[in-house]
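Structure at a glance
Listed below, chain by chain, are the residues.
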Amino acid sequence: MTPLLDLDLLRTLVAVAETGSFSHAGARIGRSQSAVSMQIQKLETMVGKELLIRGGRSVVPNRAGNDLITYARRLLRLSDEALANLTHPGVTGTVRLGTPEDYSASLLPGILERFGREFPRVTVELVCEPTVELTAGIEKNNIDLAIVTRFSDQPMEVLRREPMVWVASSTHTAWRTDPLPVALFQTCAARANIIKALAETERDYRCTYSSSSLAGMVTIVQAGLAVAGLAKCSVPPELAIVGQAEGLPPLQDLEIGMLRSAASDSAAIEKLQDMIRRDLSLAGSFRPLELAQDQRS
């Protein structure tokens, strides 16, 4: 009897191919790394061929894997469209979703993947801007929904409290420099938290870099030119978390919330808002490096 392709196994294969690792694929589809590995093994047994090249730090499809992934994407798209047509026939349109750059990579992939699968007829336009610009966009109805960091007593639906941590290069010791070189985001709650924490210490510091770009911030820190403060969920794997052991003051938690334009009203917006509200705390995040003891001393 000819075996039937399992859509769940195909979805796992596509996730592994797109993320390059079993652990990141697991975060995307809501499974453990070991469960992802077992699913891939089951699929390889089913088709009678190896589908992936397993390297030291990454996993990539081989020729057979790429061939199957081409079909898998088509099958999954048709399956999602068929299910959506039966269960959500009236949910169509466009949702303009805003988020700071550092949240887009860490908090949203799992949510948007699930939303796209459940509502394939809805187009999500993602706008990455600092919280201040996103708040203005909500007020002007240029954005329907926004995930933002709360300023002071700003009214919003608070979804989670996120620890804020110091980060540094895993191969440099910028925290030993006096005055302390600090990279800061422009005009955001994280910047205010850092300045407040440093002002309460007796340690001198200087701002060596200021930007709204997470990529630029990571480059400066990774080069060993400064330390920075980030939401813990946004720490990329190439940076290490540092803190009081390195003489840095504790940082206040961030409140991450959601805003909705008063003029935005559609089933698609409602569905995405509900999914963000339900799933945000479960979204996968990067695992930062830990500094070796000899680097801390």
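Here, every reference points to the structure presented above.
Cut-offs used in this document
- Residues numbered from 1 in each chain as written.
- Predicted model: local features only at pLDDT ≥ 70, side-chain atom pairs only at ≥ 80, totals over all residues.
- Heavy atoms only, no water.
- Helix = DSSP H or I, 4+ residues; strand = E, 2+ residues; numbered from the N terminus.
- Expected span 1.5 Å × (residues − 1).
- Buried < 20%, exposed > 50% of the residue type's maximum accessible area, 1.4 Å probe, protein only.
- Contact = heavy atoms within 4.5 Å.
- Polar contact = N/O pair within 3.5 Å; in protein donor to acceptor, adjacent residues only side chain to side chain.
- Salt bridge = Lys/Arg side-chain N within 4 Å of Asp/Glu carboxyl O.
- Pairing = 2+ DSSP bridges.
- Axes fitted to C-alpha atoms, helices over the stretch in contact; angles between N-to-C directions.
- Patch = residues over 30% accessible without salt bridge, like charges linked within 9 Å, V, L, I, M, F, W, Y side chains within 5 Å.
- Areas by Shrake-Rupley, 256 points an atom, 1.4 Å probe, with all protein chains shown as cover.

With 13 residues, helix H1 (residues 7–19) should cover 18 Å at 1.5 Å per step; its first-to-last C-alpha distance of 18 Å lies within 8% of that length. Of the positions making up H1, those classed as buried are Leu9, Leu10, Arg11, Thr12, Leu13, Val14, Ala15 and Val16. In this structure, the buried side of H1 is in contact with helix H2 (22–29), helix H3 (33–47), strand E1 (52–54), strand E2 (59–61), helix H4 (63–87) and helix H6 (109–118). The N-capping residue of H1, defined by a side-chain oxygen 2.8 Å from the backbone nitrogen of Asp8, is Asp6. Immediately beyond the C-terminal end of H1, within one or two residues, lies Gly20, with a positive phi of roughly 80°.

This part covers the pattern of salt bridges. Under the defined criterion, the tally for this structure stands at twelve salt bridges. When the shortest N-O distance is used, the salt bridge between Arg117 and Glu113 registers 2.7 Å. Here the residue Arg117 and the residue Glu113 both occupy positions in helix H6, the gap between them amounting to four residues, near one helical turn. According to the relative accessible area criterion, Arg117 is partly exposed, its value standing at 26%. The partner of Lys196 in a salt bridge is Glu200, with the nearest N and O atoms 2.9 Å apart. A single salt-bridge network, built from bridges that share partners, covers Arg150, Arg161 and Glu255.

Once that is clear, we can look at the side chain of Ser264. Tracing the sequence through the fold places Ser264 in the loop between strand E12 (254–260) and helix H10 (267–279). At 3.2 Å, the side chain of Ser264 and the side chain of Asn141 are in polar contact. Within the local environment of Ser264, its side chain forms a polar contact with the side chain of Asp144, the two groups lying 2.6 Å apart. When sequence neighbours within four positions are dropped, the list of residues in contact with Ser264 reads Arg96, Asn141, Ile143, Asp144 and Ile269.

Ordered in space as E4-E3-E5-E12-E6, the five strands form an open sheet in which the pairing is mixed. Among the strands making up the open sheet, the edge pair consists of strand E4 (122–128) and strand E6 (157–162). Geometrically, the sheet is characterised by an average inter-axis angle of 20° between neighbouring strands, direction not taken into account. Here strand E3 (residues 93–99) runs beside strand E5 (residues 145–149); their pairing, made up of two bridges, is parallel. Bridge pairing in E5 places Gly98 opposite Ala146. On top of the sheet, H10 reaches E3, E4, E5, E6 and E12; it is set at about 165° to E12, its chief contact.

Where nonpolar side chains cluster on the molecular surface, the patch consists of Leu5, Leu7, Val47, Tyr71 and Leu75 and spans about 400 Å² of accessible area. By the secondary structure assignment, Tyr71 is in helix H4.

Structurally, Ala25 can be placed in helix H2. A residue is classified by how much of its surface remains accessible, and Ala25, at 0% relative accessible area, is buried. Look past the residues within four positions of Ala25 in its chain and what remains in contact with it is Ala15, Val16, Thr19 and Val36.

Checked against the element boundaries, Gly55 lands in the loop between E1 and E2. Its relative accessible area of 45% is what places Gly55 among the partly exposed residues. Counting along the chain gives 99 residues from Gly55 to Gln154, while the straight-line C-alpha distance between them is 47 Å.

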